[in-house]
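Each chain is listed here by its residues.
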Amino acid sequence: MARSASGLPFDDIRALFDEMPGRDEAAVLAIRARDAQLTKPAGSLGRLEDLAEWLGGWQGRARPAVTRPLVAIFAGNHGVAAQGVSAYPSSVTQQMVENFAAGGAAINQICIVYDLGLKVFDLALDIPTGDITAEPALDEAGCAATMAFGMEATAGGIDLLAIGEMGIGNTTIAGAVAAGLFGGTGSDWVGPGTGVDAEGVARKAAVIDTALELHSAHLRDPLEVLRRLGGRELAAMAGAILAARMSRIPVIIDGYVATAAAAVLYKINPSSLDHCQFGHVSAEPPHARLLAAMGKTALLDLGMRLGEGTGAAMAAGLVKAAAEIHTGMATFAQAGVSGKAN
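Residues numbered from 1 in each chain as written. Predicted model: local features only at pLDDT ≥ 70, side-chain atom pairs only at ≥ 80, totals over all residues. Heavy atoms only, no water.

**Comments concerning the pattern of salt bridges**
The following threshold applies: One speaks of a salt bridge when a side-chain nitrogen belonging to Lys or Arg is within 4 Å of a carboxyl oxygen belonging to Asp or Glu. By the criteria applied, helices consist of DSSP H or I runs no shorter than four residues and strands consist of E runs no shorter than two, each listed in order from the N terminus. Buried means the residue's accessible area, taken with a 1.4 Å probe over protein chains only, is under 20% of the maximum for its type, while exposed means over 50%, and partly exposed covers the values in between.
Counted under the stated rule, the structure contains 13 salt bridges. The partner of Asp-11 in a salt bridge is Arg-14, with the nearest N and O atoms 2.9 Å apart. Residue Asp-11 and its partner Arg-14 are located together in helix 1 (residues 9–16), separated by 3 residues, close to a single helical turn. Asp-11 gets classed as partly exposed once you look at its relative accessible area, which sits at 23%. Residues Glu-224 and Arg-228 are paired through a salt bridge, measuring 2.8 Å at the closest nitrogen-oxygen approach. One end of the pair, Glu-224, and the other, Arg-228, are both in helix 9 (residues 222–229), 4 residues apart, so they sit about a helical turn from each other. The buried category is assigned to Glu-224, whose relative accessible area is 13%. Exposure remark for Arg-228: the relative accessible area of 11% places this residue in the buried category. Through salt bridges with shared partners, a single ionic network connects Arg-23, Glu-25, Arg-32 and Glu-53.

**A word on the pairing of strand 1 (residues 69–75)**
Residues in a regular strand project their side chains so that they alternate between the two faces of the sheet. Test applied: Note on pairing: DSSP must find at least two bridges between two strands before they are called paired.
A large share of strand 1 lies buried, amounting to 7 of its 7 residues. Taking every second residue as pointing to the same face, both faces of strand 1 are buried, with Pro-69, Val-71, Ile-73 and Ala-75 on one and Leu-70, Ala-72 and Phe-74 on the other. When strand 1 meets strand 2 (residues 117–122), the two strands line up parallel, connected through 6 bridges. Each bridged residue has a counterpart across the sheet, and for Ile-73 the counterpart in strand 2 is Val-120.

Given below as structure tokens:
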């Protein structure tokens, strides 16, 4: 990542927004032209046709394909977990990372079914971020460095990136970030998360309200919202999304926490998410509200709220199918099928 003239860490990040490439319009036109010749009525595959166009346009391929997909899971721990905002202790984050490595989690099985690569990024789990009710989660240098670390997820020639997370307490963090970006109170942006009761939901809302008051003077800058109210996994996911844009790699974003990370980029520049799809709408109630605030529609609605990239991985299977349909179908001329009568 090039250094800015000021040398300030966040200015290096901001500079990338002035360099973001667009999609390959020639590839889009070629995909549309082929789609018009495929053995089906125009528009009959609905959003699958849109997905093929989106995928190829960002890959720069007239024939979209998914040959090296990756699910990247970013795991972080949070100081705010000490406020009793989760049904599980912070030690579960490390335990689940080990479960991912052993192949025992839900995400592992989905990756097997859809032939997706999987990498897990351990973000200093033994050092929780600052408790946002008392201090910033991260300092500027640490937040920017974590974003840069997340950018490494795009290495290795991947052609589709699905992002997810693991972190006890991070639905509270997502709620705080959403409130910091879009306004409202804690109660507007919280749900049961890992399964807390009504008292636990109220406690999460109160924690967010305390954090919003503490950091209120600094919340006009989305990157300040990220560092003060966010966490390492959110910073790393934001970095991964931004790096993917710079390399024209299409991205599928998972649930509430991953969407909160993406929302930071959206608030800086709404077009920064043009290369992204949102894999699913989580059963965590505020996720639908956050998608609506950005004018985004998810691909799937399966009542899921697990995190760990599961919704994004399910949607990756859909994207793979869209690419295969577009490239593998015969045209009317190839199949000897009569076209639409004039």
